[in-house]
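Geometric and topological summary
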Amino acid sequence: MDSLKNFLPEQYDRTNVLPINHNYLEQQFADRDEILAKIKEVVIRGDFTLGRAVDEFERDYARITQTKHAIGVGSGTDALFLSLKALGIKEGDEVITTPYTFYATIGAIVTAGARPVFADVGQDYNIDPCKIEAAVTSRTKAILPVHWSGKPCRMHEINDIAKRRGLFVVEDACHAIKATLDGKSAGSFGDTGCFSMHPLKNLNVWGDGGVITTNSDKLAADLRLLRNHGLLNRDECAVFAYNSRLDTVQAVVAHHLLKKIDHITESRIANASFFDKALSEIPQITVPQRDPNVRQVFHIYCIRAQRRDELAQFLISKGIDAKVHYPIPMHLQPAAKAYGYKKGGFPVAEAITDSVLSLPVHEFVSAADRELVVEAVREFYK
């Protein structure tokens, strides 16, 4: 069973030595003493579970996402899972989603009891609304679009399909805080929006954390029950449920960083804009189309590259943390074998996973770093 040991420490050690890195947490939390002082107040009060800081964070999170309610939960994965459960998704139901996403999207569908049904993506890496209709069956209950790398999906079209077919919409907005489509925030289009605050997200905490947004009073009330054992109060349980509370300590960290989210977002957009312009001049690189009505917030900066694996190793040799997010699409993962999907079933997603490459884009990538990255890519193809 040694193969199931914690693989993350070795991964951290392997990548942290690279000067231009995806991991920027030491810099981002350079003001940690200020955060620790706020956490000390939590320790003194002792309200570690759904304490005052959670209420304050939820209020401000709802405001910046243009939604009526924000519910803090244990992780982005739990945000997806609890949304599906609150909407009544159960065994035998189907949920349509993308094959190009992080594992948690599919894991939430499966652990909620439903079957994941895939619709291929477009060249923007997001689910293609034109492919969704053909995937709908009598068992379909919801559509779960993923705003990949912080680019909102074509939500107007997706919502039209959902309304016509009587389906729920759960947005996987885990990459997409402060992203907008036609000025409307990611996480405000569907029945719920689901956000992650994993340490490498644009808004992050010192561990795991998630948020669910909704404009429905009923869903908000149900979700608050589901995250906290179904408790109405200390002595009454309305429904036997789950334990997925956002810790007060993590809410303190998140609320502290929320004050910086505009700077974080604008810095990422500026870095991505530089890369777009410079890398689009290299014939072997494909930069995705950027739509003028979309504000993409670049949790990940993804390009497609010829000789991708060789380029990645070359960049790493130059001290640049090039990564592949992700090399195997969800329908071809070992965990999906039981669903019967085959190679070739979703050709666009498969082509993307064969060629996609991620470059560091966060707010601590300097102008000099950007130049070094672009020059290294040019050098490789020369």
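Counting starts from 1 at the beginning of each chain's written sequence and moves along it residue by residue. At least 70 in pLDDT is required for a residue's local features to be given in this predicted model, at least 80 for side-chain atom pairs to be given and counted, and no such filter applies to totals for whole chains, interfaces and linings, which use all residues. Hydrogens are left out, water is left out, and the side-chain values use all remaining heavy atoms of the structure.

With that settled, consider the overall build of the protein. Only DSSP runs of H or I with at least four residues qualify as helices, and only runs of E with at least two residues qualify as strands; both kinds are numbered from the N terminus onward. Broken down by element type, the protein carries 14 helices and 13 strands. Our radius of gyration looks at C-alpha atoms and nothing else; its globule reference is 2.2 Å times the residue count to the power 0.38. In terms of overall size, the protein behaves like a compact globule, its C-alpha atoms giving a radius of gyration of 21 Å where 382 residues would be expected to give roughly 21 Å. For the protein, the spread of C-alpha atoms along the three principal axes comes to 70 × 55 × 50 Å. Each residue's exposure class comes from its accessible area (1.4 Å probe, protein chains only) as a fraction of the maximum for that residue type: buried when under 20%, exposed when over 50%, partly exposed otherwise. Going through the 382 residues of the protein one by one, you find that 56% of them count as buried. Every residue pair with non-hydrogen atoms within 4.5 Å of one another is taken to be in contact. Nonlocal contacts in the protein, meaning residues at least 24 apart in sequence, comprise 72% of its contacts between residues at least 6 apart. Only the protein chains shown count as cover for residues, with accessible areas throughout obtained via the Shrake-Rupley method and a probe of 1.4 Å. If you sum the accessible surface of the protein, you get close to 17100 Å²; carbon and sulfur atoms cover 54% of it. When charges are counted, Lys and Arg contribute as positive and Asp and Glu as negative, whereas His and the chain ends are disregarded. By convention, the point assigned to a charge is CZ for Arg, NZ for Lys, CD for Glu and CG for Asp. Positive and negative charge centroids in the protein, built from 46 and 48 side chains respectively, lie 2 Å apart.

On to the pattern of salt bridges. The salt bridge definition used is simple: a Lys or Arg side-chain nitrogen within 4 Å of an Asp or Glu carboxyl oxygen. Inspection of every chain in the model, using the stated rule, returns 30 salt bridges. Here K318 makes a salt bridge to E379, at a shortest N to O gap of 3.3 Å. With K318 in the loop between α12 (308–317) and α13 (347–355) and E379 in helix α14 (residues 367–381), the pair connects residues that are 61 residues apart, well separated along the chain. The exposure class of E379 is partly exposed, given its relative accessible area of 38%. By sharing partners, the salt bridges in this structure join D128, K131, R154 and E157 into a single network.

Here we come to the packing of helix α11 (residues 261–279) against α14. Angles run from 0 to 180 degrees between N-to-C directions of axes, and those axes are lines fitted to C-alpha atoms, restricted for helices to the stretch in contact. At a minimum axis separation of 11 Å, α11 and α14 run at an interaxial angle of 25°. Taken together, the axes of α11 and α14 are roughly parallel relative to one another. As for the relative orientation of α11 and α14, their crossing is right-handed in sense. Of the residues in α14, those in contact with A270, N271, F274, F275, A278 and L279 of α11 are R370, E371, V373, V374, V377 and R378. Broken down by class, the residue content of the contact of α11 with α14 amounts to 8 nonpolar, 1 polar and 3 charged. The labels follow the angle: roughly parallel below 35 degrees, roughly antiparallel above 145, roughly perpendicular from 65 to 115, and oblique for the rest. By the definition used in this description, the sense in which the near helix is turned from the far one sets the handedness, with an anticlockwise turn below a right angle giving left-handed and a clockwise turn giving right-handed. Note on residue classes: Ala, Val, Leu, Ile, Met, Phe, Trp, Tyr, Cys and Pro are nonpolar, Asp, Glu, Lys and Arg are charged, and everything else, Gly too, is polar.

Looking now at the environment of A251. With respect to the helices and strands, A251 occurs in helix α10 (residues 248–258). With 146 residues separating them in the primary sequence, A251 and T105 have C-alpha atoms 23 Å apart. Once residues lying within four places of it in the same chain are set aside, the contact partners of A251 are A53, V54, F57 and L246.

Where helix α5 (residues 76–86) meets helix α9 (residues 217–227), the closest approach of the two axes is 10 Å, and the angle between their N-to-C directions is 120°. It follows from the interaxial angle that α5 and α9 lie oblique. The way α5 lies across α9 gives a crossing that is right-handed. On α9, the residues that touch L82, S83, K85 and A86 of α5 are L219, L223, L226 and R227. Residue composition of the contact of α5 with α9, by class: 5 nonpolar, 1 polar and 2 charged.

What goes into a patch is any residue over 30% in relative accessible area without a salt bridge, connected to like charges within 9 Å or, for nonpolar side chains (Val, Leu, Ile, Met, Phe, Trp, Tyr), within 5 Å. Where nonpolar side chains cluster on the molecular surface, the patch consists of F7, L8 and Y12 and spans about 300 Å² of accessible area. Within the fold, F7 resides in the segment before α1 (8–16).

This part covers the packing of aromatic side chains. Side-chain rings of Phe, Tyr and Trp (the six-membered ring for Trp) are treated as a pair once their centres are within 6.5 Å; stacked means planes under 30 degrees apart, edge-to-face means over 60, and tilted covers the remaining angles. For the structure shown, the criterion picks out 19 aromatic pairs. Considering the side-chain rings of F118 and F346, the 6.0 Å spacing of their centres and the 75° angle between planes classify their relative orientation as edge-to-face. With a gap of 228 residues between them, F118 in strand β3 (residues 115–118) and F346 in the loop between α12 and α13 connect regions that are remote in the sequence. Judged on exposure class, the residue F118 and its partner F346 are both buried. Taken together through their ring pairs, the aromatic side chains of Y100, F102, Y103, Y125, W148 and Y326 make up a single cluster. Whether a charge sits over a ring depends on NZ of Lys or CZ of Arg being within 6 Å of the ring centre and within 35 degrees of the ring normal. In this arrangement the basic side chain of K184 is found over the ring face of F189, its NZ or CZ atom lying 5.2 Å from the centre. In this structure, R370 is placed above the aromatic ring of F274, and the distance from its NZ or CZ to the ring centre is 4.4 Å.

Position of N126 among the secondary structure elements: in the loop between β3 and α7 (129–132). Sequence-distant contacts of N126, that is, excluding residues within four places in its chain, are made with V121, V146, H147, W148, K151, P152 and C153.

Moving on to unusual backbone geometry. Following H325, the chain continues into Y326 via a peptide bond in cis, with omega recorded as 0°. Relative to the helices and strands, Y326 is located in the loop between α12 and α13. The phi dihedral of Y125 falls on the positive side, at around 80°, and the residue is not glycine. Here Y125 is to be found in the loop between β3 and α7. Even without being glycine, H229 reaches a positive phi, approximately 65°. Positionally, H229 belongs in the loop between α9 and α10.

This paragraph deals with the nonpolar core. As used here, the term nonpolar core means buried Ala, Val, Leu, Ile, Met, Phe, Trp, Tyr and Cys residues forming a set that is joined through side-chain atoms within 4.5 Å. Core analysis: the biggest nonpolar cluster contains 34 residues, and I96, Y100 and I132 have the highest contact counts within it. Taken together, the elements giving at least two residues each to this core come down to β3, α8 (155–165) and α13. Setting aside its immediate chain neighbours within four residues, I132 contacts I96, A119, I127, I143, I158 and I161. Formed by 31 residues, the second largest nonpolar core is a distinct cluster that contains A53, L246, V252 and V253.

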